[in-house]
Amino acid sequence: MVELHDRHTATNLKDEVYQKLAELNIDINQVYSVTVDNGRNMVKMVHLMEKDTTEDIEQYLDCSVDGSMQKTDEETPNGVDGLEDYDDTMEGFLNDLNDLICGHQVACIRCGAHTVQLVVSDVCKDEVHQRNIKAITKIVVAFHNTKYKNFFEVSGGKYPSIPGPTRWNSNFLMQQSLLNSKDFFERLGCEYAELDLTTYWEFIGSFVTAFEPLYDCTLAIQKETCTLSDFFGFWMTAFGRVAALETNIFRATILASMEIREKALFDNYPFQVAVYMDPRFSFYGSKIFSCSHKERIIVSFENQQATVFEFKP
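- The name an unreviewed UniProt entry gives the protein chain is Zinc finger BED domain-containing protein RICESLEEPER 2-like, with Aedes albopictus as the organism.
- In its Subcellular location (unreviewed entry) section, UniProt records this for the protein chain: "Nucleus".

See the structure below:
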């Protein structure tokens, strides 16, 4: 834990990380991944670290190519022999370069709960859904008017939580609260017409049913011991539960968004390795990875492991 006194810019954060790595005698090339929340400064910090390793690769390219060509020219006066030696030299250089690229990339691991929230945001961008959510929220906010306070107190009603733009799952919790106390709010609507939710009960029921799997997923992945492959398991469970809701109005858009987000997840190398190394997903007959994909993961993992152990703290 480090107390920062300067601005929390990406550059300052990166410099602080490098200082700690130096104190612990850890080379940047030993850093496999950095797990961050989804703050822009944190994500940019990792991208700056990636840029530093890319510059290392570029320097390696310049030095290795120039050195290889110079060595070939000096040691092989015969043109044909020189070409053969040059081919051998370049083959070794390209193999080394592949190891360098696979081993020196710092991966950014983003918050899994935020990934789930992005799915919710994708679905709720629909204009019709937005209008319904805003109308329901407006009525819920009105519950707090002193005009209705006596009705809540006499009937023992509980106020639903008011959703906020930065509070994950807040729309779900509001509508779940309404649905759980539907009888009370129906009586409230009969007493006060301006609070009548009759028009929205079908929407509320569909919303709660469709988004409950995603809500459960966010709770599960916030456990202290949740690994990347655990997250994938919770994600797949949520996907399956939503897929089973064949008549739900939110089903198609949720699944479409999850498929897009899942593709982005598998573009992350540490995520691929974590899922591949988990026997719950990588078993004989599993279709999560193709054979060629498996081979690339194994080679990249071996290169990464070799790079890490090359530097002794």
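### Some points on the overall build of the protein chain
Working step 1: A count of helical and extended segments in the protein chain gives 13 helices and two strands.
Working step 2: In the protein chain, buried positions account for 38% of the 313 residues.
Working step 3: Element-wise, carbon and sulfur atoms account for 53% of the exposed surface of the protein chain, whose accessible area totals about 18,700 Å².

### A look at the nonpolar core
Working step 1: Grouped together as the largest cluster of nonpolar side chains are 55 residues, with contacts concentrated most on Phe143, Leu178, Phe185, Phe211, Leu214 and Ile254.
Working step 2: With eleven residues, the single largest contributor to this core is helix 9 (residues 201-221).
Working step 3: If we skip the residues at most four places from it in the chain, Leu178 touches Ile136, Val140, Phe143, Pro160, Phe185, Leu197, Trp201 and Ile204.
Working step 4: Ile28, Met45, Val106 and Cys108 belong to the second-largest nonpolar core, a separate cluster that totals 13 residues.

### Focus: unusual backbone geometry
Working step 1: You will see that Asn25, though not glycine, has its phi angle at about 60 degrees, which is positive.
Working step 2: Here Asn25 lies in the loop between helix 1 (10-23) and strand 1 (33-35).
Working step 3: According to the relative accessible area criterion, Asn25 is partly exposed, its value standing at 48%.

### Re the layout of surface pockets
Working step 1: Put simply, the largest pocket is a space of about 680 Å³.
Working step 2: When residues of the lining of the largest pocket are traced back to their parent elements, those giving at least two are strand 1, helix 2 (40-75), strand 2 (107-109), helix 4 (112-124), helix 10 (228-243), helix 11 (251-266) and helix 12 (269-276).
Working step 3: Broken down by element, the lining of the largest pocket gets its largest block of residues, five residues, from helix 4.
Working step 4: Counted by class, the lining of the largest pocket contains 16 nonpolar, ten polar and five charged residues.
Working step 5: Volume-wise, the second largest pocket comes out at about 550 Å³.

### A closer look at the packing of aromatic side chains
Working step 1: A full pass over the atoms with the stated rule returns 23 aromatic pairs.
Working step 2: Seen from their ring centres, Phe232 and Phe271 are 6.0 Å apart, and the 85 degrees between their planes marks the pair as edge-to-face. On the criterion of sequence distance, the pair formed by Phe232 in helix 10 and Phe271 in helix 12 is long-range, its members being 39 residues apart. Just as Phe232 is buried, Phe271 falls in that class too.
Working step 3: Ring plane angle 75 degrees and centroid distance 6.0 Å describe the contact between Tyr276 and Phe289, whose orientation is recorded as edge-to-face. Of this pair, Tyr276 sits in helix 12 while Phe289 sits in the loop between helix 12 and helix 13 (291-310), and the two are 13 residues apart along the sequence.

### Notes on helix 4
Working step 1: For helix 4, which comprises 13 residues, the first-to-last C-alpha distance of 19 Å matches the rise-based estimate of 18 Å (1.5 Å per residue) to within 8%.
Working step 2: As for helix 4, its buried residues are in contact with helix 5 (127-142), helix 9, helix 10 and helix 11.

### Concerning helix 1
Working step 1: End to end, helix 1 covers 20 Å across 14 residues, agreeing with the expected 20 Å (1.5 Å per residue, within 8%).
Working step 2: Along helix 1, the residues that are buried comprise Ala10, Leu13, Lys14 and Leu21. For helix 1, the angular spread of the buried residues around the axis is 100 degrees, confining them to a single face.
Working step 3: Asn25, located one to two residues past helix 1, shows a positive phi value of around 60 degrees.

### As for the packing of helix 5 against helix 9
How two helices pack is summed up by the angle between their axes together with the distance between the axes.
Working step 1: At their nearest, the axes of helix 5 and helix 9 sit 11 Å apart, and the two run at 105 degrees to each other. Overall, the two elements helix 5 and helix 9 adopt an arrangement that is roughly perpendicular. When helix 5 is examined against helix 9, the residues His129, Asn132, Ile133 and Ile136 are found in contact with a partner set consisting of Phe203, Ile204 and Phe207.
Working step 2: In terms of residue class, the contact of helix 5 with helix 9 is built from five nonpolar, two polar and no charged.

Analysis parameters
Residues numbered from 1 in each chain as written. Predicted model: local features only at pLDDT ≥ 70, side-chain atom pairs only at ≥ 80, totals over all residues. Heavy atoms only, no water. UniProt positions renumbered as here; feature names shortened; annotations may be inferred. Helix = DSSP H or I, 4+ residues; strand = E, 2+ residues; numbered from the N terminus. Buried < 20%, exposed > 50% of the residue type's maximum accessible area, 1.4 Å probe, protein only. Areas by Shrake-Rupley, 256 points an atom, 1.4 Å probe, with all protein chains shown as cover. Core = buried A, V, L, I, M, F, W, Y, C linked by side-chain atoms within 4.5 Å. Contact = heavy atoms within 4.5 Å. 1 Å grid on protein atoms, 1.4 Å probe; cavity = no way out; pocket = protein on both sides within 12 Å on 5 of 7 lines; lining within 4 Å. Points joined across faces, edges and corners; volume = space filled by probe spheres on them. Nonpolar A, V, L, I, M, F, W, Y, C, P; charged D, E, K, R; others polar. Phe/Tyr/Trp six-rings, centres within 6.5 Å; stacked < 30°, edge-to-face > 60°. Expected span 1.5 Å × (residues − 1). Arc of directions from axis to C-beta. Axes fitted to C-alpha atoms, helices over the stretch in contact; angles between N-to-C directions. Parallel < 35°, antiparallel > 145°, perpendicular 65-115°, else oblique.

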